[in-house]
Amino acid sequence: MKSFIRWPTFASSQFLCLQAWCSQLWSMAIMIRSFSFMSMLLFLLTVSDMFVPIHGDGFGINYGQIANNLPLPSQVAVLIKSMNVSRIKLYDADPNVLVAFSQSNVEFVIGLGNEFLQNMTNLSKAQTWIQQHVQPYLSQTKITSITVGNEVFNSNDTQLMLNLLPAMQNVHDALVNLGLDQQVSVTTAHSFNIISNSYPPSSGAFRQDLVQYIQPLLDFHAQINTPFLINAYPFFAYKDNPNEVSLNYVLFQPNQGLVDPNTNLHYDNMLYAQIDSVYAAIKAMGHSDIQVRISETGWPSSGDPEEVGATPQNAALYNGNLLKRIEQRQGTPANPSVPIDIYVFALFNENLKPGPASERNYGLYYPNGVPVYNIGLKGYLPQMPMAAKSNTLCVNFLACIVTCLIFALELSR
């Protein structure tokens, strides 16, 4: 699309104000002539340092959109780039997001909601969904995986549970038919509640009532070589038992830790113990050929009065310490050679999410792009011009600044 420059128009009161500003800017422009090129370069580098991310590479972020005050996907694309994040997980296949991230290096996991599983048990409908929601974007946007359903086994819907595996199989077969199976994988995300026993980690086991569904699902994962995704939140364990669960243990802070009596492996944080308990549960079902990945984890910065531990300080410690572990490419005690693979929840606070207050306060950022707390991520969310007069004035003012700076650069030659 072509873009056009339009000269700003001002109301008389705005013009007088801008005229005064421009007069000052012109004086500053004259002063620029006295600066050497190296002085100007040093100044620009100093300013640009505000937007250099410290962390970001090596972890993914969940981009939820259950809110009515979120920035446009085009703005979010700039934010993600400035954070140096290379992986995003969506809960749908929002075309606005996929288009906004075209020609970027960001890899997407897209979601196929639970409400679609019944249709996906029909191969023809599964193929149509791929052709409509995936194939058109692949040439521009990196879609690497589809999560078919989300936390299906956390529901009481037996039919939904029965539909999960056939739906995954059909989505995979549709990808094969379209020649996309080497480019896009198929999996699903589970709640940690599918684990009936997680301590000690080596004794991890799936809930007995779910074994009939999970066994064939694991066989399918092994067949197509895709990871087992789990949503793990140590916050829940601490919230439910704050007097028994060590806060330092769940926040990756220095602590005594725990020793698995069966393996003598030492655990200094709950998340790693949870991951290894899932590995143990999978092994108990006859598989050691499936990788476990964390599709969601995080900590709320606020919650209801009874949600103990939901504070900005604890959220900063949990996510900040987790990012440090990811940067170090750590593995768990039982799988030290396999770096943990994690998607942090979530990018923004989502003001329309149902449930307790914590559900609306997992974001790393407020919707206006301000960090909820400081963990070293220096993201930049650009502001988009609106039709309101105040925003028009801002745009006009910026146009005036740019014009003056152009004149200043001409004078400095």
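Here goes a summary of the coordinates provided. Being a predicted model, the structure only gives us computed values, none of them experimental.

This part covers the overall build of the protein. For the protein, the helix and strand inventory stands at 13 helices and twelve strands. The proportion of buried residues among the 413 residues of the protein is 45%. Sequence separation of 24 or more characterises 70% of the internal contacts of the protein that already satisfy a separation of 6 or more. By element, 56% of the accessible surface of the protein is carried by carbon and sulfur atoms, the whole surface being about 21,000 Å².

With that out of the way, let us pick up the pairing of strand 5 (residues 185-191). The buried count for strand 5 comes to six of seven residues, which makes it a mostly enclosed element. Summarising the sheet, strand 4 (residues 142-150) and strand 5 pair through four bridges and their orientation is parallel. Within the sheet, the bridge partner assigned to isoleucine 146 lies in strand 5 and is valine 186. In terms of handedness, the path from strand 4 via helix 7 (residues 158-177) over to strand 5 forms a crossover that is right-handed. Strand direction decides the pairing type here: strand 5 and strand 8 (residues 228-231), joined by three bridges, are parallel. By the bridge assignment for strand 8, serine 191 is matched with asparagine 231.

Right, let's talk about the layout of surface pockets for a bit. Size it by volume and the largest pocket reaches roughly 1,100 Å³. Secondary-structure elements contributing two or more residues to the lining of the largest pocket are helix 9 (234-240) and helix 11 (270-284). Of the residues that constitute the lining of the largest pocket, the class distribution is 18 nonpolar, 14 polar and eight charged.

Strands sit in the order 1-2-3-4-5-8-11-12 around a closed barrel of eight strands; the barrel is parallel. Put simply, the sheet's adjacent strands are angled 25 degrees from each other on average, direction ignored. Here strand 1 (residues 60-62) pairs with strand 2 (residues 87-89) via three bridges, running parallel. The residue of strand 2 that forms the bridge with asparagine 62 is lysine 89. Across the face of the sheet, helix 8 (residues 211-224) comes into contact with strand 5 and strand 8 while running at roughly 145 degrees to strand 5.

Bringing the pairing of strand 3 (residues 107-112) into the picture now. The buried count for strand 3 comes to five of six residues, which makes it a mostly enclosed element. The sheet contact formed by strand 2 and strand 3 spans three bridges and is parallel. Paired with arginine 87 across the bridge in strand 3 is glutamate 107. As for the winding sense of the linkage, the β-α-β connection from strand 2 through helix 4 (residues 95-100) to strand 3 is right-handed. Bridging between strand 3 and strand 4 involves six bridges; their strand directions are parallel.

Quick look at empty space enclosed by the protein now. Applying the stated rule across the entire model yields four cavities of 30 Å³ or more. Roughly 80 Å³ of internal volume is contained in the largest cavity. Lining the largest cavity, in full, are Ile275, Tyr279, Gln291, Val292, Arg293, Ile294, Thr332, Asn335, Val338, Pro339, Ile340 and Asp341. Elements supplying a minimum of two residues to the lining of the largest cavity: helix 11 and strand 11 (292-297). The biggest single contributor to the lining of the largest cavity is strand 11, with three residues.

Moving on to the packing of helix 7 against helix 8. As a packed pair, helix 7 and helix 8 sit with axes 11 Å apart at the nearest point and diverge in direction by 10 degrees. Put simply, helix 7 runs roughly parallel to helix 8. On the side of helix 7, the interface is formed by Thr158, Met161, Leu162, Leu164, Leu165, Met168, Gln169 and His172, while helix 8 contributes Tyr213, Pro216, Leu217, Phe220, His221 and Ile224. Classifying every residue of the contact of helix 7 with helix 8 by side-chain character gives ten nonpolar, four polar and no charged.

With that settled, the discussion passes to the packing of aromatic side chains. Inspection of the entire model under this criterion finds 15 aromatic pairs. Ring centres 6.4 Å apart and planes at 85 degrees place the aromatic pair tyrosine 91 and phenylalanine 345 in the edge-to-face group. In this pair, tyrosine 91 is assigned in the loop between strand 2 and helix 4 and phenylalanine 345 in strand 12 (residues 342-345), connecting sequence segments 254 residues apart. Of the residues examined, phenylalanine 345 reaches a relative accessible area of 4% and is grouped as buried. Put simply, the rings of Tyr91, Tyr233, Phe235, Phe236, Tyr238, Phe252, Tyr272, Trp299, Tyr318, Phe345 and Tyr362 touch in pairs and so form one group of aromatic residues. Directly above the aromatic system of tyrosine 343 lies the positively charged group of arginine 87, at a separation of 4.8 Å from the ring centroid.

Our focus in this paragraph is the side chain of serine 145. With respect to the element layout, serine 145 can be found in strand 4. Here serine 185 takes part through its side chain, which lies 3.2 Å from a polar atom of the side chain of serine 145. Filtering out sequence-adjacent residues up to four positions away, serine 145 remains in contact with Phe108, Val109, Ile110, Val184, Ser185 and Thr187.

Here we come to the environment of glutamine 328. Residue placement: glutamine 328 occurs in the loop between helix 12 (312-327) and strand 12. In this structure the C-alpha to C-alpha distance between glutamine 328 and proline 339, which are eleven residues apart in sequence, comes to 8.6 Å.

Conventions adopted
Residues numbered from 1 in each chain as written. Predicted model: local features only at pLDDT ≥ 70, side-chain atom pairs only at ≥ 80, totals over all residues. Heavy atoms only, no water. Helix = DSSP H or I, 4+ residues; strand = E, 2+ residues; numbered from the N terminus. Buried < 20%, exposed > 50% of the residue type's maximum accessible area, 1.4 Å probe, protein only. Contact = heavy atoms within 4.5 Å. Areas by Shrake-Rupley, 256 points an atom, 1.4 Å probe, with all protein chains shown as cover. Pairing = 2+ DSSP bridges. Right-handed = clockwise from strand over helix to strand, strands pointing away. 1 Å grid on protein atoms, 1.4 Å probe; cavity = no way out; pocket = protein on both sides within 12 Å on 5 of 7 lines; lining within 4 Å. Points joined across faces, edges and corners; volume = space filled by probe spheres on them. Nonpolar A, V, L, I, M, F, W, Y, C, P; charged D, E, K, R; others polar. Axes fitted to C-alpha atoms, helices over the stretch in contact; angles between N-to-C directions. Parallel < 35°, antiparallel > 145°, perpendicular 65-115°, else oblique. Phe/Tyr/Trp six-rings, centres within 6.5 Å; stacked < 30°, edge-to-face > 60°. Lys NZ or Arg CZ within 6 Å of the ring centre and 35° of its normal. Polar contact = N/O pair within 3.5 Å; in protein donor to acceptor, adjacent residues only side chain to side chain.

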